[in-house]
Amino acid sequence: MSKKIVLGLVLLSALAACQQQPQPQVSVTPGPVVVTPEPVYQGKYGAN
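Conventions used here
- Residues numbered from 1 in each chain as written.
- Predicted model: local features only at pLDDT ≥ 70, side-chain atom pairs only at ≥ 80, totals over all residues.
- Heavy atoms only, no water.
- Helix = DSSP H or I, 4+ residues; strand = E, 2+ residues; numbered from the N terminus.
- Buried < 20%, exposed > 50% of the residue type's maximum accessible area, 1.4 Å probe, protein only.
- Areas by Shrake-Rupley, 256 points an atom, 1.4 Å probe, with all protein chains shown as cover.
- Expected span 1.5 Å × (residues − 1).
- Patch = residues over 30% accessible without salt bridge, like charges linked within 9 Å, V, L, I, M, F, W, Y side chains within 5 Å.
- Salt bridge = Lys/Arg side-chain N within 4 Å of Asp/Glu carboxyl O.

A. Representation of the overall build of the chain in the model. Broken down by element type, the chain carries one helix and zero strands. With respect to the principal axes defined by its C-alpha atoms, the chain has extents near 95 × 25 × 10 Å. Considering the chain as a whole, with its 48 residues, one finds that 2% of them fall into the buried category. Here the chain has roughly 5,400 Å² of accessible surface; of this, 65% comes from carbon and sulfur atoms.

B. Summary view of helix α1 (residues 2–18). The end-to-end C-alpha separation of α1 is 24 Å, in line with the 24 Å expected for 17 residues at 1.5 Å each. For α1, the tally of buried residues reaches only zero of 17 residues, placing the bulk of the element at the surface.

C. Examining a nonpolar patch on the surface more closely. A surface patch of nonpolar side chains, about 490 Å² in accessible area, is lined by Met1, Ile5, Leu9 and Leu12. On the secondary structure map, leucine 9 appears in helix α1. Take leucine 9: its relative accessible area is 53%, and that puts it in the exposed class.

Below, the structure is given as structure tokens:
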């Protein structure tokens with residue numbers, strides 16, 4: 001009889017441990033995107 005109770009408690013605790021925990025809602029607002037100009041080709045040595 002006590003084996004059934006122990007087995008039931010083990011199964012109940014395993015089921016409780018496997019349940020999904022509620023995830024906290026985290027909202028991240030992205031900062032402004034910095035747009036840089038594309039580099040211009042200035043020749044082999046850049047001295048044009």
